[in-house]
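Residues per chain are reported as follows:
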Amino acid sequence: MAYRVYIKNDYRPEIVRFRPESRRWRIAFRTMLISFLLLSTVTGFIFFESGEPESNNTQAAVTPFTVTITPDAMQEAATREQPALQFMENITTTFPGAITRSPREEVMETAPDRPGWTDVKIKRGDNMAQVFNRHGLSPRDLHEILNSHELAPALKHLRPGQVISLRTKGGDLHALKFDLDLTRTLLATKQAGVFTSEVVIAELETRLEQAQGVINDSLYLAGQDAGLSDKLIMQLIDIYGWDIDYRLDIRKGDSFRVIYEEIFKNREKVATGNILAAEFSNRGRSIRSVRFARADGQVDYFTDNGANMRKAFIRNPLDFGRISSHFNLKRKHPVLNRIRAHKGVDYAAATGTPIKATGDGKVQFIGNKGGYGKTIIVKHGEKYSTLYAHMSRFRKGMKRGKPVKQGQVIGYVGKSGLATGPHLHYEFRMNGVHRNPVTVSLPQADSISVAETDEFRIHSSYLLALLDAPDAELLAQYDPKTSL
Ligand SMILES: [Zn+2]
């Protein structure tokens, strides 16, 4: 059993006991998996006598928890009466600028656990007219509600599983509400015989969680064991993917720790946020990283001394595709059939495969370029440029001078110009000289600037302290608005 410390909307800490989600099912599944592995290993030995003994040690030494505290401390925290304002003051003095919100008097109650409210779950093929009919409600009321607000017609396009809440008095409808999206609820109420509607915004609460794991089989399995969602595991893989080759570098015993956000609405977890800080220990080397939003809105992960975790370029402009022709200064051209330097790399891929800009930059050239066919050249600062040729088409909206982001789709694979089949011809130029895009050493993306240093230092020291020792007081200081 573990305990979570939550800071509620009135900023009073609350301690909740919880059982890590679906732990029992995972254990059951793992038991099945282990039995299967054991069985197949044993059978392998008997019949083939060549089975390599497989490791069945899939049990990771992992405890997903937020904060583990002693019963004494819990008692102390639970009985502590901390007036909201004093609590705010404590926070703002320990961590200036941390909290900018003011305590709220009352939170809009969207969970219909109040008396008088009935929940109606929309079934397949259901519509509001049928719902009203089933509950003996007046179609006139429905018509009135549909016209009471510009967003009310959303009631006509309900999906199965959506919930409508109704409040009736003496068989008459008095109020209706339903969620437009994660934060917005449409509330229609009858006042003086007429329905009026308003959109109520629910405040989402962001809470921090800590998780850690040791890798036995794969980072993915260890992430699952630590209670991380697929989205968070992918994020962790992305953060360290610039430094670690997951196929080659991972060793048994490598470990990670993360601090991440979970989004709650009315005490219910509704979404997973982002990893805010992480540490990855790979073959005895630890890399710590912190998420930070720069002044221009660009969000990146930085090492604790402010270096960008990201490279300025991704290696490969295609997600899917294989190298069909390497960088070769003495290649015989397949179409021209004579020696002509191949100053780039060809990636064979199906026509229409998206092509991504490998770095942030600006479109320097877009159009037809002789044998290159439909081509885009992106300029990345003063030193670098990349070229993408033989496209079938450009992405809509691409034009000269347009800024592009790393990973942004700029066009699609084709065989325009001199090409025998659909492929991308990709060039990488440094100071005007062609370099092999596959082997060139890629520069880091911009590090923390001098102007950002102070803010980054406050931000990162707070998150890294949490990473090292998550504690209730530090968790309470977290404000999603300042950290994004
Ligand atoms: Zn080529």
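Residues numbered from 1 in each chain as written. Predicted model: local features only at pLDDT ≥ 70, side-chain atom pairs only at ≥ 80, totals over all residues. Heavy atoms only, no water.

1. Observations concerning the overall build of the protein chain
So the rule is basically this: Counting from the N terminus, the helices are the DSSP runs of H or I reaching at least four residues and the strands are the DSSP runs of E reaching at least two. Buried residues are those whose accessible area, probed at 1.4 Å on protein chains only, stays under 20% of the maximum for their type, while exposed residues exceed 50% and partly exposed ones sit between those limits. Here, two residues are considered to be in contact whenever any of their heavy atoms come within 4.5 Å of each other. The Shrake-Rupley method, run with a 1.4 Å probe, gives the accessible areas here. Residue values count only the displayed protein chains as cover.
Helices and strands together make up the secondary structure of the protein chain, namely 10 helices and 22 strands. Residues classed as buried in the protein chain amount to 43% of the 484 residues present. Sequence separation of at least 24 residues holds for 62% of the intrachain contacts in the protein chain that already meet a minimum separation of 6. On the protein chain, roughly 26,400 Å² of surface is accessible, and the fraction owed to carbon and sulfur atoms is 53%.

2. Description of the side chain of Ser385
As for its position among the elements, Ser385 is in strand 18 (residues 384-394). Ignoring any residue separated from it by four or fewer positions in sequence, one finds Ser385 in contact with Ile377, Val378, Lys379, His380, Glu427, Phe428 and Arg429.

3. Quick look at the sheet that holds strand 4 (residues 163-169)
Backbone hydrogen bonds hold the strands of a sheet together, and the pairing may be parallel or antiparallel. The criterion, for reference: DSSP bridges decide pairing: two strands pair if at least two such bridges lie between them. Where helices are involved, their axes are fitted lines through C-alpha atoms of the stretch in contact, as for all axes, and angles between N-to-C directions lie from 0 to 180°.
The strand order across the open sheet built from 5 strands is 3-4-5-6-7, with neighbouring strands paired in antiparallel fashion. Edge strands, defined here as strands with exactly one partner in the open sheet, are strand 3 (117-121) and strand 7 (194-201). With strand direction ignored, the average angle separating the axes of adjacent strands in the sheet is 25°. Here 5 bridges tie strand 5 (residues 172-179) to strand 6 (residues 184-191), and the two strands are oriented antiparallel to one another. Bridge pairing links Phe178 to Leu186 in strand 6.

4. So, the pairing of strand 9 (residues 255-265)
Counting buried positions over the 11 residues of strand 9 gives 10, a clear majority of the element. Sheet analysis places strand 8 (residues 205-214) next to strand 9, joined by 10 bridges and oriented antiparallel. The residue of strand 9 that forms the bridge with Glu205 is Phe264. In this structure, strand 9 lies alongside strand 10 (residues 268-282), joined through 10 bridges in antiparallel fashion. Of the residues in strand 10, the one forming a bridge with Val258 is Ala278. Between the end of strand 9 and the start of strand 10, which pair antiparallel, lie 2 residues, with Asn266 showing a positive phi angle near 45°.

5. Section: the packing of aromatic side chains
The cut-off we apply is this: Classification of ring pairs rests on two measures: the distance between centres of Phe, Tyr or Trp rings, Trp counted by its six-membered ring, which must be within 6.5 Å, and the angle between planes, read as stacked under 30 degrees, edge-to-face over 60 and tilted in between.
Evaluated as defined, the whole model comprises 8 aromatic pairs. Between Phe292 and Phe302, the aromatic rings sit 6.2 Å apart at their centres with planes inclined by 75°, giving edge-to-face as the arrangement. Linking Phe292 in strand 11 (residues 285-293) with Phe302 in strand 12 (residues 299-303), this pair joins segments that are 10 residues apart in sequence. In terms of burial, Phe292 and Phe302 fall into one category: buried.

6. Section: the side chain of Arg310
With respect to the element layout, Arg310 can be found in the loop between strand 12 and strand 13 (322-325). Every residue in contact with Arg310, bar those within four places of it in the chain, is listed here: Trp242, Gln298, Asp300, Tyr301, Asp360, Gln406, Gln444 and Ala445.

7. Regarding helix 7 (residues 230-240)
Here is the rule: Within this analysis, the arc is defined by the directions that extend from the helix axis to the C-beta atoms.
Looking at helix 7, one finds that the buried residues are Leu232, Ile233, Gln235, Leu236, Ile239 and Tyr240. Taken end-on, helix 7 shows its buried residues confined to a sector of 160°, consistent with a single buried face. Contacts made by the buried residues of helix 7 are with helix 6 (219-225), strand 9, strand 10, strand 11 and strand 12.

8. Quick notes on the sheet that holds strand 12
In spatial order, the strands read 8-9-10-11-12; together these 5 strands make up an open sheet with antiparallel pairing. Looking at which strands have only one partner, the edges of the open sheet turn out to be strand 8 and strand 12. Recorded for the sheet is a direction-independent mean angle of 30° between the axes of neighbouring strands. Against the sheet, helix 7 makes contact with strand 9, strand 10, strand 11 and strand 12, and its axis sits at roughly 30° relative to strand 10, the strand it touches most.

9. Comments concerning the pattern of salt bridges
In plain terms, the rule: Each reported salt bridge corresponds to a side-chain nitrogen of Lys or Arg within 4 Å of a carboxyl oxygen of Asp or Glu.
Here the structure, examined in full by the defined rule, presents 19 salt bridges. Notably, a salt bridge pairs Asp245 with Arg247, separated by 3.2 Å at the nearest N-O pair. On the accessibility criterion, Asp245 (24% relative accessible area) is partly exposed. The shortest N-O distance in the salt bridge between Asp304 and Arg288 comes to 3.5 Å. Placement of the pair is Asp304 in the loop between strand 12 and strand 13 and Arg288 in strand 11, with a sequence separation of 16 residues. Owing to a relative accessible area of 39%, Asp304 belongs among the partly exposed residues under this scheme. On the basis of relative accessibility, which here comes to 18%, the residue Arg288 falls in the buried class. One network of salt bridges, with partners in common, ties together Arg257, Glu279, Arg288, Asp304 and Asp468.

10. Describing the nonpolar core
Rules: Here, the term nonpolar core denotes a set of buried Ala, Val, Leu, Ile, Met, Phe, Trp, Tyr and Cys residues that are joined through side-chain atoms within 4.5 Å.
In terms of nonpolar packing, the biggest core is built from 24 residues, with Ile355, Ile376, Tyr388, Ile410 and Leu424 touching the most fellow members. Where this core is concerned, the elements lending two or more residues are strand 14 (345-348), strand 17 (374-380), strand 18, strand 20 (409-413) and strand 21 (423-430). The dominant element in this core, judged by the number of residues it contributes, is strand 21, at 4 residues. Formed by 22 residues, the second largest nonpolar core is a distinct cluster that contains Ala211, Ile250, Phe256 and Tyr260.

11. Topic: unusual backbone geometry
Positive phi outside glycine occurs at Ala192, with the angle close to 50°. Tracing the backbone through its elements, the reader meets Ala192 in the loop between strand 6 and strand 7. Ala192 gets classed as exposed once you look at its relative accessible area, which sits at 84%. Phi is positive for Asn431, close to 50°, though the residue is something other than glycine. Within the fold, Asn431 resides in the loop between strand 21 and strand 22 (433-435).

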